[in-house]
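Chain by chain, the residues:
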Amino acid sequence: MESSSTITNKAPEENRGKAGPLIARLLIYLFLIGSAAICLIPFYSMFITATHTNSSIARQLLLIPGDQLLNNYHRLIETVPIWRGFANTTLISVVSTALAVYFSALAGYGFSKYRFSLNNVLFAIVLGTMMIPGQLGIIGFYRLIDSFGWLNTYWPLILPSIHNAFGVFLMKQFADSSVPSEIIESGRIDGSGELYIFHRLVLPLMMPGLATLAIFTFIGKWNDFLNPLIILFDNELQTLPVMIAGVKSQFTADFGAQYVGIVISIIPILIVFSVMSKRIISSVAAGAVKG
Amino acid sequence: MNSKLTKYYFGYIFIAPFFISFAIFGLVPILYTLYLSFTNWDAFNDPVYNGVGNYTRLLHDTAFYQSIGNTLIIWIFSIVPQLLIAVTLAIILNEKFIRGKHFFRAVYYFPNIITPVTLGVLFSLIFDWQTGSINKLLTTIGLVEDPINWFNNPWWSRLIVAAVICWQNFGFNMIVFIAGLQSIPDEVYEASQVDGASGWQKTLYVTIPLLRPVFIFTLITSVIGGLQLFDSPYMIGNGPNNTTRTMIMYLYETAFKNFNFSYGAAIAYGVFVIVMCFTAVTIWLTRKREQ
């Protein structure tokens, strides 16, 4: 709250002295840096704690790195196939994202460029499905997957990505604004089929939209917890979030190993984010503005 | 579009995958869950018709009411500071003189893409009674003499769960608010400057009212998302006397831990009705104020 009052002092800088704005700016920066510290300190604490023995974790506040990282890591690896979980989650997320992006683009383009009679009604239904809480059908979903014989497989985690209402909405917006109808017309005059036009002419134009949607879908799938938790039982097939949850219950008193598990699940996200943060943030902003 | 060249029926083919997938993996499970909610089913024998028995039980289930209360308390304690911090930071980061904007934006947004399960485990470790960093810090600087048993106290537990959710999501809302701020045309500010508005007045009478639609968007999405809290509270645990058990946690425990699928289905519909009511109230409140 102090920050909003400091904005007051800052604005009339053109007509007032320099001392006021200077202090105000200092306070604003302090507020920004303080908030950044609150965001980062838990991660710092996590890295530091992961490198100490359980007895020193229990004994004192740890501020500098120790040398027990590998020991903690080996204890974790002995019982939890965490890299296997990592590979499983990557596989599920990549395939789901590819499906979601392709079929959302297909449907978004269909809604955007084809004037079929039920267009508006069906698009309203697509938007309506976004309002349904995700867990409403979870028990029926479990039972249905059981009757397909698909429990403990990846199909129920991957295939539903084909219907992504937010994706269809986003892709329709992109097709509306960045796919000119003239291009489709010229493709038809050249005698190209509709699917050929979509694959060769339209998809390249929608690339920025596809990238935005891919980022959203990938993060969502990577973090998915409830679905793999109920669908998969086999430890070898399990995803990273469920394994991390398992680490908490299996290593109740082994804090070092728990911290290493968390570090392993956060590091890849940290690396990807530090390389792509501009792209990810602008995607989030674009998605939110369109939404 | 030239009607002769518009192959409108192709639109149906393009949107078909969405609707087929939604029908199988979305609609059928939802309707099947509805059917199960009128039966008695323990997953081992066949479902037996039970009329509205599950719903009668739900209406008298204090555990369910408690989980509604818990969810609302956690939601309110997380959404209010979350939006305040987000809008404050967005306004500051939208000022021209701030340096390192991208760095701050990236740092504030980072917690949002971390797996919620991982954050739940991380914070349950950090706030651990005997070994957590928070208690070590508080005792080291002498703020408290004995470590505080956070998760033994209902209100501390709820506040910590709310804080984790606030901490994870304020960055996302900040990005949305920044996108909203950037869509406010400069002319509006110039006009208010001509009218002699101070910086504080600009924020209060120009920026905030123009951010209304963005505020409504974040509020509605956070009602739908916030009432379905599961991942990170589930990792932190049920709290003393189940005081941090959310609605979805209760649903999960009933169906997938106690294998009472039919009662779980009734809870799922109870949650659905509550989410819809709160969404409707939010929309109604924001509409009413607009007139």
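Computed from a predicted model, the values in this text were never measured in an experiment.

Trainee: It is not clear to me how the overall build of chain B should be interpreted in this structure. Could you clarify?
Mentor: When helices and strands are counted, chain B shows 13 helices and two strands. Taking 19 Å as the expected radius of gyration for a compact globule of 291 residues, we find that chain B reaches 24 Å, considerably beyond that expectation. For chain B, the residues scored as buried account for 55% of the 291 residues in total. Put simply, 64% of the contacts in chain B that link residues at least 6 apart link residues at least 24 apart. Each charge class in chain B was averaged separately, 16 positive and 14 negative side chains, and the resulting centres sit 8 Å apart.

Trainee: When you look at the packing of aromatic side chains in this model, what are you seeing that I'm missing?
Mentor: The description of two aromatic rings rests on the distance between their centres and on the angle between their planes. All names here are of chain B. Overall, the coordinates contain 50 aromatic pairs over all chains when judged by the stated rule. Between Phe-104 and Tyr-108 the ring centres are 6.1 Å apart and the planes differ by 20 degrees, which places this aromatic pair in the stacked class. Taken as a pair, Phe-104 and Tyr-108 lie in helix 4 (residues 101-113) at a separation of four residues, close to a single helical turn. With a centroid separation of 5.2 Å and an interplanar angle of 50 degrees, the aromatic rings of Phe-177 and Phe-215 are classed as tilted.

Trainee: Sorry if this is basic, but what is going on with the interface of chain A and chain B here?
Mentor: With 103 residues of chain A at the interface, the matching set in chain B holds 95 residues. Taking both partners together, chain A and chain B bury about 9,100 Å²; carbon and sulfur atoms supply 80% of that area. If you sort the residues of chain A by the area they bury against chain B, Leu136(A), Ile139(A) and Arg143(A) come out on top, with a joint share of 8%. Counting across the interface, chain A meets chain B through zero salt bridges. With 17 residues, helix 15 (residues 255-290) of chain A is the largest single contributor of residues to the side of chain A that touches chain B. Looking at the side of chain A that touches chain B residue by residue, the classes come out as 70 nonpolar, 22 polar and 11 charged.

Trainee: Please explain the confidence of the model for chain B as it appears in this structure.
Mentor: Reading predicted coordinates in detail is not appropriate for stretches of low pLDDT. The share of residues in chain B with pLDDT of 70 or more is 96%, and the mean pLDDT across the chain is 88. Across residues 1-5 of chain B, confidence stays below pLDDT 50; counting only partners more than four residues off in sequence or on other chains, it has nine contacts.

Trainee: Can you walk me through the domain arrangement of chain A in this structure?
Mentor: For interface size, the figure often reported is the accessible area lost on association. All names here are of chain A. For chain A, the assigned domains read domain 1 (2-49) and domain 2 (76-290). Summarising the inter-unit geometry, the C-alpha centres of domain 1 and domain 2 are found 37 Å apart. In this assembly, four residues from domain 1 lie in contact with six residues from domain 2. Surface buried jointly by domain 1 and domain 2 totals about 480 Å² across both partners, of which 91% is contributed by carbon and sulfur atoms. Of all residues in domain 1, Met-46, Phe-47 and Thr-49 give up the largest surface area on contact with domain 2, accounting jointly for 88% of the area buried on that side. Linking domain 1 with domain 2 are zero salt bridges. Taken together, the connections running from domain 1 to domain 2 amount to zero residue pairs in polar contact (both at pLDDT 80 or more). Residue classes in the side of domain 1 that touches domain 2 are distributed as three nonpolar, one polar and no charged.

Trainee: Teacher, can you tell me more about the pattern of salt bridges here?
Mentor: Oppositely charged side chains are able to pair whenever their charged atoms sit close together. All names here are of chain A. In this structure the tally under the stated criterion is seven salt bridges over all chains. A salt bridge links Asp-254 to Arg-75; the shortest N-O distance between them is 2.6 Å. Of this pair, Asp-254 sits in the loop between helix 14 (240-250) and helix 15 while Arg-75 sits in helix 4 (residues 69-79), and the two are 179 residues apart along the sequence. Residue class for Arg-75 comes out partly exposed when judged on its relative accessible area of 30%. A cluster of three or more residues bridged by salt bridges with shared partners is formed by Glu-185, Arg-188 and Glu-194.

Trainee: Whenever I open this one, unusual backbone geometry confuses me. Can you help?
Mentor: Negative phi is the rule for most residues except glycine; trans is the rule for most peptide bonds. A positive phi angle is found at Asn152(A), which is not glycine, with a value near 65 degrees. As for its placement among the helices and strands, Asn152(A) is situated in the loop between helix 7 (138-148) and helix 8 (155-158). The backbone of Asn241(B) sits at a positive phi, close to 50 degrees, despite the residue not being glycine. Structurally, Asn241(B) can be placed in the loop between helix 11 (231-236) and helix 12 (247-257).

About the criteria used
Residues numbered from 1 in each chain as written. Chains lettered and ligands numbered in written order. Predicted model: local features only at pLDDT ≥ 70, side-chain atom pairs only at ≥ 80, totals over all residues. Heavy atoms only, no water. Helix = DSSP H or I, 4+ residues; strand = E, 2+ residues; numbered from the N terminus. Rg over C-alpha atoms; globule rule 2.2 N^0.38 Å. Buried < 20%, exposed > 50% of the residue type's maximum accessible area, 1.4 Å probe, protein only. Contact = heavy atoms within 4.5 Å. Lys, Arg positive; Asp, Glu negative; His and termini not counted. Charge placed at Lys NZ, Arg CZ, Asp CG, Glu CD. Phe/Tyr/Trp six-rings, centres within 6.5 Å; stacked < 30°, edge-to-face > 60°. Buried area = accessible area lost by both parts, 1.4 Å probe. Salt bridge = Lys/Arg side-chain N within 4 Å of Asp/Glu carboxyl O. Nonpolar A, V, L, I, M, F, W, Y, C, P; charged D, E, K, R; others polar. pLDDT = per-residue confidence, 0-100. Domains from an automatic or database assignment. Polar contact = N/O pair within 3.5 Å; in protein donor to acceptor, adjacent residues only side chain to side chain.

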